[in-house]
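Working through the structure, step by step
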Amino acid sequence: MKHPLRAAAPRPSACPGLLRIVAARDGGICRIKLPGGRLTARQARAIAVAAEACAGGVLEATNRANLQIRGVRAGCEDALIERLLAAGLGAASAGGDDVRNLMLSPAAGHDPHTLLDTRPLAAALLARLEREPRWHGLSPKFAVQLDGGEALAMLDHPHDLWLSALPGEDGPRYAFGLAGCPPQRAGDDPALASIPAAQAGELVFALLALFLDRAGAEQTRMRHLLQSLPAPAVLDALRERQPALALRRDAALLAWRRAPAEPQRRFGVQAQREAGLCQVGAQTALGRLDARQLQALAALSERLGTPRLHLTPWQGVLLPDVPAARGAEAQRALAELGLLVDPAAPLARLIACSGSPGCARALADTKADARRLAALLPPAADAAVIHLSGCPRRCAAAHGAAFTLLATAPARYQLLAGGHGPVLAEHLNIEQAAARLAAHPSSPESP
Ligand code: SF4
């Protein structure tokens, strides 16, 4: 018998979901959206078993801390979906799967620098988003970030709506903004306003309702709406619709900058705020892992921590709640599984899309080329991120890399500073690209 969540067909979209398996050159893609990037060891095992039974066992960690199964075999889609739903990986309603785009720190609740534990608010937001049909008209790409002030946080990935914890004399607050990121540097756009933490849930749904009411049919993302309704006008409309919200926009808020994040904490052993415990992190190589590795990660979490995995937006994983005395053992075990635990490793600075084996648009096998490039680059701490993209869509990098290698033909690339230029060199093979990048590992200044 079909699972009740499968009573209606999912709405058409090019974005994969759990209920909507999208065709690619290497088979179907099934994206499993994980609440706050978290899954239990039992769920991880269920995914690994399903990926082997219904696909080729290839998994991807995404830059939104989700997992996807690649290579789903034709005819196996229903069986795969049923297995995942049976493991409790579906949303509370069929229409709710697409709108589970809520980014938290992978260390939320555990990071010693936490100002606000975002987990209870995140759970309440996800429950409403999944259950109430009103929100199911949001684009599957519409995304919200809840930042609790953790040191381990991804702050460079733009969100339609972001909230960021703010220390306040009169109690904890969230600063918030639209279509961007929390301000970190002097020249960044300031927050739009702040709100008492207790009103954050009300604020999110008031803004989502305002967006759905005011956005035209083609305005699927907040940045589109801001072109016709600038952010100050959104704030005015919000005040008018929700006078009970204690919104504040003063000089202190405009001057506020979020404390710098420390993304390198995604690697290795990091103390938790709970005494005697640590979390141990690693990155997958180029976003890929296989069913065997996921099974082993589940077993590792049970043996050394709690039976849970936290996916990270750097396409990696954290093992939470490991006794501090066993942190080094956990790190060794992650390395033995083939995950990257050293931030200086060349592969740790490379991002690549699925490339020609998986995508019909790709002009090169970006992942194979990235591995060749990694073998030629020296290890370097704080080296800049390099993104290999098979075509100008650049879908593997949600935030800008310091360098982009854009495929122009098999194994040939244009080298760009940042995500879009200026162009630094044309028609490079991998050896030539490695020579230029090795000479200038941390800056896009004329390599
Ligand atoms: S960037 Fe282009 S080639 Fe790469 S996966 Fe996306 S669409 Fe395909």
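Residues numbered from 1 in each chain as written. Predicted model: local features only at pLDDT ≥ 70, side-chain atom pairs only at ≥ 80, totals over all residues. Heavy atoms only, no water.

**Points about the nonpolar core**
Membership of the largest hydrophobic core comes to 49 residues, with the highest contact counts inside it found for I47, I69, L84, L294 and L334. A total of seven residues in this core trace back to one element, the largest contributor, which is helix α1 (residues 41-54). There are two domains that each give this core at least three residues, and those are domain 1 (4-96) and domain 3 (273-343). Setting aside its immediate chain neighbours within four residues, L84 contacts L18, C30, I32, I47, A50, I69, L89 and G90. L207, L208, L210 and A215 belong to the second-largest nonpolar core, a separate cluster that totals 45 residues. (Core = buried A, V, L, I, M, F, W, Y, C linked by side-chain atoms within 4.5 Å. Buried < 20%, exposed > 50% of the residue type's maximum accessible area, 1.4 Å probe, protein only. Helix = DSSP H or I, 4+ residues; strand = E, 2+ residues; numbered from the N terminus. Domains from an automatic or database assignment. Contact = heavy atoms within 4.5 Å.)

**Re the side chain of T366**
Mapped onto the elements of the fold, T366 is located in helix α10 (residues 366-376). Classification of T366 by relative accessible area gives buried; the value is 0%. A polar atom in the side chain of T366 sits 2.8 Å from the backbone oxygen of C353. Within the structure, T366 has its side chain in polar contact with the backbone nitrogen of G355 (distance 3.4 Å). T366 has contacts with A352, C353, S354, G355, L388, S389, G390 and Y413, leaving out every residue within four places of it along the chain. (Polar contact = N/O pair within 3.5 Å; in protein donor to acceptor, adjacent residues only side chain to side chain.)

**Remarks on the pairing of strand β14 (residues 308-312)**
Most of β14 is tucked away, with four of its five residues classed as buried. By the bridge criterion, three bridges tie β14 to strand β15 (residues 316-323) in an arrangement that is antiparallel. Note on β15: the bridge partner recorded for H310 is L318. The hairpin formed by β14 and β15 contains three residues between the paired strands, and Q315 there has a positive phi angle of roughly 60°. (Pairing = 2+ DSSP bridges.)

**Observations regarding the sheet that holds strand β8 (residues 159-166)**
Across the sheet, which stays open at both edges, the five strands sit in the order β6-β7-β8-β9-β10 with mixed pairing between neighbours. Each edge of the sheet is formed by a strand with only one pairing partner; in this case those strands are β6 (102-103) and β10 (193-196). The pairing of strand β9 (residues 173-180) with β10 spans four bridges and is antiparallel. By the bridge assignment for β10, Y174 is matched with I195. Lying over the sheet, helix α4 (residues 200-214) contacts β8, β9 and β10, oriented at roughly 165° with respect to β8. (Axes fitted to C-alpha atoms, helices over the stretch in contact; angles between N-to-C directions.)

**Things to note about the domain arrangement of the protein chain**
The domain architecture assigned to the protein chain consists of domain 1 (4-96), domain 2 (115-148 + 155-255), domain 3 (273-343) and domain 4 (347-439). Inter-centroid distance (C-alpha atoms) of domain 1 to domain 3 is 22 Å. Between domain 1 and domain 3, the residue contacts involve 22 residues of the former and 20 residues of the latter. Interface area, domain 1 with domain 3, both sides summed: about 1,800 Å², of which 60% is carbon and sulfur. (Buried area = accessible area lost by both parts, 1.4 Å probe.)

**A few points about the packing of helix α3 (residues 119-131) against α4**
Remark: α3 packs on α4, axes separated minimally by 10 Å, with the N-to-C direction vectors making an angle of 35°. Pair α3 / α4 crosses with right-handed handedness. Residues L121, L125, R128 and L129 of α3 pack against A200, G201, V204, F205 and L208 of α4. Here the contact of α3 with α4 is built from residues that sort into seven nonpolar, one polar and one charged. (Left-handed = near helix turned anticlockwise from the far one by under 90°. Nonpolar A, V, L, I, M, F, W, Y, C, P; charged D, E, K, R; others polar.)

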